[in-house]
Protein chains: 2
Amino acid sequence: MNPACHTLPDLHPDLWACIRPTTLMEAPRLSRWLGVEVLLACETFQHTGSFKFRAACNLALQVAHPHVLTASSGNFGQALACACQRMGKQCTVVMPDTSARVKVEAVREYGATVEPVDVRVMSRAARVEELARRFPEAFVASAYDDPFVIAGNASLGLELADVAGRLDAVIAPVGGGGLTSGLITGLCAAGQGLAVFGAEPAMANDAARSLRAGQLIRNDQEPQTIADGARNIGVGVRNWEILRRGIRAIVEVPEEAIREAVRLLFTGANLKAEPTGALAVGALLAAPERFRDHRVCCVISGGNVDPSVYCEILAGV
Amino acid sequence: MNPACHTLPDLHPDLWACIRPTTLMEAPRLSRWLGVEVLLACETFQHTGSFKFRAACNLALQVAHPHVLTASSGNFGQALACACQRMGKQCTVVMPDTSARVKVEAVREYGATVEPVDVRVMSRAARVEELARRFPEAFVASAYDDPFVIAGNASLGLELADVAGRLDAVIAPVGGGGLTSGLITGLCAAGQGLAVFGAEPAMANDAARSLRAGQLIRNDQEPQTIADGARNIGVGVRNWEILRRGIRAIVEVPEEAIREAVRLLFTGANLKAEPTGALAVGALLAAPERFRDHRVCCVISGGNVDPSVYCEILAGV
């Protein structure tokens, strides 16, 4: 364990007053169906409907700039828009033009400007650079590769530290690596050695490949997994430094297991999860032997999904 | 206020160890959209997915019979099946053959026997009488018109008494009247005079008509509202005695408002509610002037809904 991780200087003390504690829920029917003792940590009821609000809020609290600019497939943008609105800052969000419609609308509802980008033509990063030149007063925020973002997400690790004694593992989705690196950081800061597993779409498995290779590997382009929160080129540099030492393993989850996990949460727990949010349960389906009879906390990272996408998934029953 | 209501002798003390506390959730987006400060009391995460488990559990704790027999459009049956399974009792549930498929399956999953009935040919009550003759050792449980059921549901009133100070009203669905009479009883037992409103489907408005007439009025047959938990002939006699004195008013909710409420909970609160469970939010849509700028707790009574019905509702956006 890295001794440096015992402090969290980047976590703003006012964060706790802004966020909602995660909603912990035993899931007896899911547990019976899966042969795993499942505890759900639902971030679907966090402000703006995903864990991203933790990071966005910490960032907006920490930076002095009057304008914050970011690229996001949706949830971070929505979270940042809401955090900036609360703190009286301007906010601009670069979003792929394939983003879920509900996410685009929600960003606008919180008063932010949406700048669409066709990622087949131009990278999100290039579009952000363009806008950063146009708005020199803006702070450019990464949705994951940022100390304030990691510290904001670490707040969930600190919360889970309170229940770690009754768990064998925690599983959380891996997109840019912001959530898992935050969990590792927070648990570590609390002095908890609970095993953190990542759940990554098999068709966007850059983090799993990176772990196997021992070095950071990126995708050529954003993989079009149903888990739209995990459509990344790769995990961030700061996230990678934490993951390569701190993550127990990454489970690669096939698309069909992601869909089945959404359905199981609907039927067995009355929980509306977005596909990315269901990845941890998908990992239990994809690697049943690894977790059988273990006590596992699945982080349901978000719930924002277009009704049409959601119902297409439910219809697959 | 009835001085007799200050005690709850029918509430079994072991109930608190069996049930889950309700999940309270501020709903800022819904509040903004509706112009009402909304607090959700979600019973969708109660064991078996609805508030009915409170009543079923209290009843199974209180009666000594080895077999419990009931009629239920689904949620009470599922709850009773689960409660009986936990306490080693046999359970038989009479269900209309139009009941939601997920509800029928869940009753069977908890080890109970389902006895279907075509309510156009024979009433549920008649079918129960038939079975009661066949099983003389069975206790025949009403899903609402029973002191143990009312006391079990009163546990939610006792929980809400803790937050009553920051509320102007609580709204809950009316089917057989078990939930609203329980809420009134529990709040009263806690010494809280918080106003309790009922939300009833307009096409199944027997309770609203009863209040207007000052006497218990029943429907000729079960109205086929989308809110399948409110497809009752009428409220129970015991429930009526409590409602006629204790309920502030009943809001009659059109079918389209029930559907819209399901959609609003999906989009604005990431909450999966069944149509009956969305009735309280439907009441805010149906009677906006009555609740504008008030602080209102909406009881989301249950979340068990067939994916096909749910998606048909969501598609109506």
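## Re the domain arrangement of chain A
Residue and element names in this part refer to chain A.
Okay, so step 1: Partitioning chain A into structural domains gives domain 1 (3-50 + 147-315) and domain 2 (52-141).
Okay, so step 2: Measuring from the centre of the C-alpha atoms in domain 1 to the corresponding centre in domain 2 gives 22 Å.
Okay, so step 3: Both faces considered, domain 1 and domain 2 share a buried interface measuring about 2400 Å² in area, 51% of it formed by carbon and sulfur atoms.
Okay, so step 4: Per-residue buried area on domain 1 facing domain 2 is highest for Thr48, Phe148 and Asp306; these three make up 26% of the total on that side.
Okay, so step 5: For the interface between domain 1 and domain 2, the tally reads three salt bridges.
Okay, so step 6: Here Arg124 ties to Glu222 by a salt bridge, and the two come within 2.6 Å at their closest N and O atoms.
Okay, so step 7: Linking domain 1 to domain 2 there are 14 residue pairs in polar contact (both at pLDDT 80 or more).
Okay, so step 8: Looking at the side of domain 1 that touches domain 2, the elements that each hand over two or more residues are helix H1 (15-18) and helix H7 (147-161).
Okay, so step 9: With eight residues, H7 is the single largest residue contributor to the side of domain 1 that touches domain 2.
Okay, so step 10: Here the residues of the side of domain 1 that touches domain 2 sort into eleven nonpolar, twelve polar and ten charged.

## Structural notes on the relation of the copies chain A and chain B
Each of the two chain copies can be generated from the other by rotation about an axis followed by a shift along it.
Okay, so step 1: Structural alignment of chain A on chain B gives an RMSD of 0.0 Å, achieved by rotating through 180° and translating 0.0 Å along the axis. The transformation just described matches what one would write down for a two-fold rotation axis.
Okay, so step 2: Here 100% of the interface residues in chain A have copies in chain B that are interface residues too; the copies meet face to matching face.

## So, the interface of chain A and chain B
Okay, so step 1: Tallying the contact residues gives 30 residues for chain A and 30 residues for chain B.
Okay, so step 2: Across the chain A/chain B interface, buried area totals approximately 2300 Å², and carbon plus sulfur atoms make up 56% of it.
Okay, so step 3: Sorting the residues of chain A by area buried against chain B places Phe266, Asn270 and Lys272 of chain A first, and these three jointly supply 28% of that buried surface.
Okay, so step 4: One can count four salt bridges joining chain A with chain B.
Okay, so step 5: The partner of Arg29 of chain B in a salt bridge is Glu109 of chain A, and the shortest N-O contact between them spans 2.6 Å.
Okay, so step 6: Among the elements of the structure, strand S1 (23-26), helix H2 (28-34), helix H5 (101-109), helix H11 (255-269) and helix H14 (307-314) of chain A are those that each provide at least two residues to the side of chain A that touches chain B.
Okay, so step 7: Grouping the amino acids of the side of chain A that touches chain B by side-chain chemistry returns 15 nonpolar, nine polar and six charged.

## Some points on the pairing of strand S2 (residues 37-42) of chain B
Residues and elements named next belong to chain B.
Okay, so step 1: Buried residues dominate S2, accounting for five of its six residues.
Okay, so step 2: Bridge count for strand S1 (residues 23-26) against S2 is four bridges, and the pairing is antiparallel. Its bridge partner lying in S2, Leu24 is registered against Ala41.
Okay, so step 3: Bridging between S2 and strand S10 (residues 295-300) involves six bridges; their strand directions are parallel. When the sheet's bridge partners are listed, Glu37 is paired in S10 with Arg295.

## Observations concerning the sheet that holds S2 of chain B
Residues and elements named next belong to chain B.
Okay, so step 1: With respect to topology, six strands assemble into an open sheet ordered S1-S2-S10-S7-S8-S9, the strand pairing being mixed. Looking at which strands have only one partner, the edges of the open sheet turn out to be S1 and strand S9 (249-253). Pairs of neighbouring strands in the sheet enclose a mean axial angle of 25°, with direction left out of account.
Okay, so step 2: Contacting strand S7 (169-173), strand S8 (195-201) and S10, helix H8 (residues 178-189) crosses the sheet at an angle of about 150° to S7.
Okay, so step 3: Strand contacts of helix H11 (residues 255-269): S2, S8, S9 and S10, with the helix running at about 90° to S9, the strand carrying the most contacts.

## As for helix H4 (residues 75-86) of chain A
Residue and element names in this part refer to chain A.
Okay, so step 1: Under the 1.5 Å per step criterion, the end-to-end length of H4 is 17 Å for twelve residues, consistent within 8% with the ideal 16 Å.
Okay, so step 2: Most of H4 is tucked away, with ten of its twelve residues classed as buried.
Okay, so step 3: Downstream of H4 by one or two residues, Gly88 has phi in the positive range, about 70°.

## What about the pairing of strand S10 (residues 295-300) of chain A?
All names here are of chain A.
Okay, so step 1: Counting buried positions over the six residues of S10 gives five, a clear majority of the element.
Okay, so step 2: The pairing of strand S7 (residues 169-173) with S10 spans three bridges and is classified as parallel. Across the sheet, the residue bridging to Val170 is Cys297, located in S10.

## Side note on unusual backbone geometry
Okay, so step 1: Phi at Thr48 of chain A takes a positive value of approximately 65°, unusual for a residue other than glycine.
Okay, so step 2: A positive phi angle, near 50°, is found at Asn270 of chain B, a position not held by glycine.
Okay, so step 3: For Asn270 of chain B, the location among the structural elements is in the loop between H11 and helix H12 (279-286).
Okay, so step 4: Taking relative accessible area as the criterion, Asn270 of chain B reaches 4% and is therefore assigned buried.

## Describing the packing of aromatic side chains
Okay, so step 1: The final tally for this structure, using the stated rule, is seven aromatic pairs over all chains.
Okay, so step 2: Here Tyr310 of chain A and Phe266 of chain B contribute two aromatic rings whose centre-to-centre distance is 5.4 Å and whose plane-to-plane angle is 55°, an arrangement assigned as tilted. A residue pair is termed interchain when its members come from two chains, as with Tyr310 of chain A in helix H14 and Phe266 of chain B in helix H11.
Okay, so step 3: Classification of Phe266 of chain B as buried rests on a relative accessible area of 1%.
Okay, so step 4: Grouped by ring-pair contacts, the aromatic residues Phe266 and Tyr310 of chain A together with Phe266 and Tyr310 of chain B constitute a single cluster.
Okay, so step 5: The ring of Phe266 of chain B is capped by Lys272 of chain A, whose NZ or CZ atom sits 3.7 Å from the centre of that ring.

## Re the state of the cysteines
A covalent bond between the sulfur atoms of two cysteines is referred to as a disulfide.
Okay, so step 1: In this structure the tally under the stated criterion is one disulfide over all chains.
Okay, so step 2: The disulfide bridge from Cys311 of chain A ends at Cys311 of chain B, spanning 2.3 Å between sulfur atoms. Measuring the twist about the S-S bond at about -95°, one finds the Cys311 of chain A-Cys311 of chain B disulfide to be left-handed. Placement of Cys311 of chain A in helix H14 and of Cys311 of chain B in helix H14 (residues 307-314) is noted, with the two residues assigned to different chains.

## Topic: the packing of helix H3 (residues 52-62) of chain B against helix H4 (residues 75-86) of chain B
Between two packed helices, what matters for the description is the angle formed by their axes and the separation of those axes.
Residues and elements named next belong to chain B.
Okay, so step 1: Contact pair H3 / H4: the axes reach a minimum separation of 8 Å and the direction vectors enclose 40°. Comparing the axis directions of H3 and H4 gives the class oblique. Crossing of H3 over H4 shows right-handed handedness. Judged by residue contacts, Lys52, Phe53, Ala55, Ala56, Cys57, Leu59 and Ala60 of H3 engage Asn75, Phe76, Ala79, Leu80, Cys82, Ala83 and Arg86 from H4.
Okay, so step 2: Residue composition of the contact of H3 with H4, grouped by class: eleven nonpolar, one polar and two charged.

## Quick word on the nonpolar core
Okay, so step 1: Judged by nonpolar contacts, the single largest core of 92 residues is most densely connected at Leu40 of chain A together with Leu40 of chain B.
Okay, so step 2: Discounting residues that sit within four places of it in the chain, Leu40 of chain B has contacts with Thr23, Leu24, Met25, Ala27, Leu30, Leu265, Ala269, Leu271, Val281, Cys298 and Ile300 of chain B.
Okay, so step 3: Counting residues in each nonpolar core, the second largest holds 36 residues, with Leu8, Val107, Val114 and Val149 of chain A among its members.

How each quantity is defined
- Residues numbered from 1 in each chain as written.
- Chains lettered and ligands numbered in written order.
- Predicted model: local features only at pLDDT ≥ 70, side-chain atom pairs only at ≥ 80, totals over all residues.
- Heavy atoms only, no water.
- Domains from an automatic or database assignment.
- Buried area = accessible area lost by both parts, 1.4 Å probe.
- Salt bridge = Lys/Arg side-chain N within 4 Å of Asp/Glu carboxyl O.
- Polar contact = N/O pair within 3.5 Å; in protein donor to acceptor, adjacent residues only side chain to side chain.
- Helix = DSSP H or I, 4+ residues; strand = E, 2+ residues; numbered from the N terminus.
- Nonpolar A, V, L, I, M, F, W, Y, C, P; charged D, E, K, R; others polar.
- Least-squares fit on C-alpha atoms with pLDDT ≥ 70 in both.
- Contact = heavy atoms within 4.5 Å.
- Buried < 20%, exposed > 50% of the residue type's maximum accessible area, 1.4 Å probe, protein only.
- Pairing = 2+ DSSP bridges.
- Axes fitted to C-alpha atoms, helices over the stretch in contact; angles between N-to-C directions.
- Expected span 1.5 Å × (residues − 1).
- Phe/Tyr/Trp six-rings, centres within 6.5 Å; stacked < 30°, edge-to-face > 60°.
- Lys NZ or Arg CZ within 6 Å of the ring centre and 35° of its normal.
- Disulfide = S-S within 2.5 Å.
- Parallel < 35°, antiparallel > 145°, perpendicular 65-115°, else oblique.
- Left-handed = near helix turned anticlockwise from the far one by under 90°.
- Core = buried A, V, L, I, M, F, W, Y, C linked by side-chain atoms within 4.5 Å.

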